[in-house]
Amino acid sequence: MIEIHPLRDKEKLSKLYAENGVSFGDDSIAITAADGDEILGYCLFDLTAECGVVHSGYPIEDIPFADGLLRSALHVCVENGKSTAYYSEGAPKELFEKLGFIKNTEKRELDVDKLFSSCKNCQNT
């Protein structure tokens, strides 16, 4: 059975971050989709005192799956009182555009409010 949940184990997280060439720190977290011990997908992000910052995800070519992982990551941000989220320079901007999650390109801000609406863009892929 596939389970989607936050991964907070620092050893596993640091390895996943390193594999993706993303800087790992105290604020780093991931949402993983796993079948037992096998990780099928993930979204790497930081949960800072001010906001969430999305760095990377896998798989990005499976649009509905990627949408679910991104929404799960943003949900963790909202649950922790963060109503603002951004994407880092190396994040999959094209995916976020395709999903309609970009609020402000110049600031690299994600539209957290979209979390509370259905994935209408997934139907167009």
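None of these values were measured; they are calculated from a predicted model. (Residues numbered from 1 in each chain as written. Predicted model: local features only at pLDDT ≥ 70, side-chain atom pairs only at ≥ 80, totals over all residues. Heavy atoms only, no water.)

Trainee: Explain the side chain of Lys114 here, please?
Mentor: Positionally, Lys114 belongs in the segment after strand E7 (109-110). Among buried Asp, Glu, Lys and Arg side chains, Lys114 stands out as unpaired, with Asp67 the closest opposite charge at 5.6 Å. Of note is the side chain of Lys114, whose polar atom sits 3.5 Å from the backbone oxygen of Leu99. (Helix = DSSP H or I, 4+ residues; strand = E, 2+ residues; numbered from the N terminus. Buried < 20%, exposed > 50% of the residue type's maximum accessible area, 1.4 Å probe, protein only. Lys, Arg positive; Asp, Glu negative; His and termini not counted. Salt bridge = Lys/Arg side-chain N within 4 Å of Asp/Glu carboxyl O. Polar contact = N/O pair within 3.5 Å; in protein donor to acceptor, adjacent residues only side chain to side chain.)

Trainee: What's the story with helix H1 (residues 10-19) in this structure? I'm lost.
Mentor: Because an α-helix packs 3.6 residues into every turn, residues spaced three or four apart end up facing the same way. Listed in full, the buried residues belonging to H1 are Leu13, Leu16 and Tyr17. Axial view of H1: buried residues confined to an arc of 100 degrees, hence all on one face. Counted as exposed and oriented over 90 degrees from the buried face of H1: Glu11, Lys15, Ala18 and Glu19. Capping of H1 at its N-terminal end is provided by Asp9; its side-chain oxygen lies 3.0 Å from the backbone amide nitrogen of Glu11. At the exit of H1 stands Gly21, carrying a positive phi of roughly 65 degrees. (Arc of directions from axis to C-beta.)

Trainee: So what exactly am I meant to see when it comes to empty space enclosed by the protein here?
Mentor: With the rule as written, the count across this model stands at one cavity of 30 Å³ or more. Reported here for the largest cavity is a volume of approximately 80 Å³. Along the walls of the largest cavity sit 14 residues, with Tyr42, Cys43, Gly57, Ala66 and Leu95 positioned nearest its centre. Only strand E3 (38-47), strand E4 (52-58), helix H2 (63-79) and helix H3 (93-99) provide two or more residues apiece to the lining of the largest cavity. The leading source of residues in the lining of the largest cavity is E4, at four residues. Of the residues that constitute the lining of the largest cavity, the class distribution is twelve nonpolar, two polar and no charged. (1 Å grid on protein atoms, 1.4 Å probe; cavity = no way out; pocket = protein on both sides within 12 Å on 5 of 7 lines; lining within 4 Å. Points joined across faces, edges and corners; volume = space filled by probe spheres on them. Nonpolar A, V, L, I, M, F, W, Y, C, P; charged D, E, K, R; others polar.)

Trainee: I'm lost on the sheet that holds strand E2 (residues 28-35) in this one. Help?
Mentor: By way of backbone hydrogen bonds, the strands of a sheet pair with one another, either parallel or antiparallel. If you walk across this open sheet you meet the seven strands as E1-E2-E3-E4-E5-E7-E6, and the pairing is mixed. Strands with a single pairing partner mark the edges of an open sheet, and in this sheet they are strand E1 (2-7) and strand E6 (102-104). Where E2 lies against E3, eight bridges are found, and the strand directions are antiparallel. In the strand pairing of E3, Thr32 is matched with Tyr42. Set on the sheet, H1 makes contact with E1, E2, E3 and E4; between it and E2 the angle comes to about 90 degrees. This element, H2, spans E1, E2, E3, E4, strand E5 (85-87) and E7 of the sheet and lies at about 40 degrees to E3. (Pairing = 2+ DSSP bridges. Contact = heavy atoms within 4.5 Å. Axes fitted to C-alpha atoms, helices over the stretch in contact; angles between N-to-C directions.)

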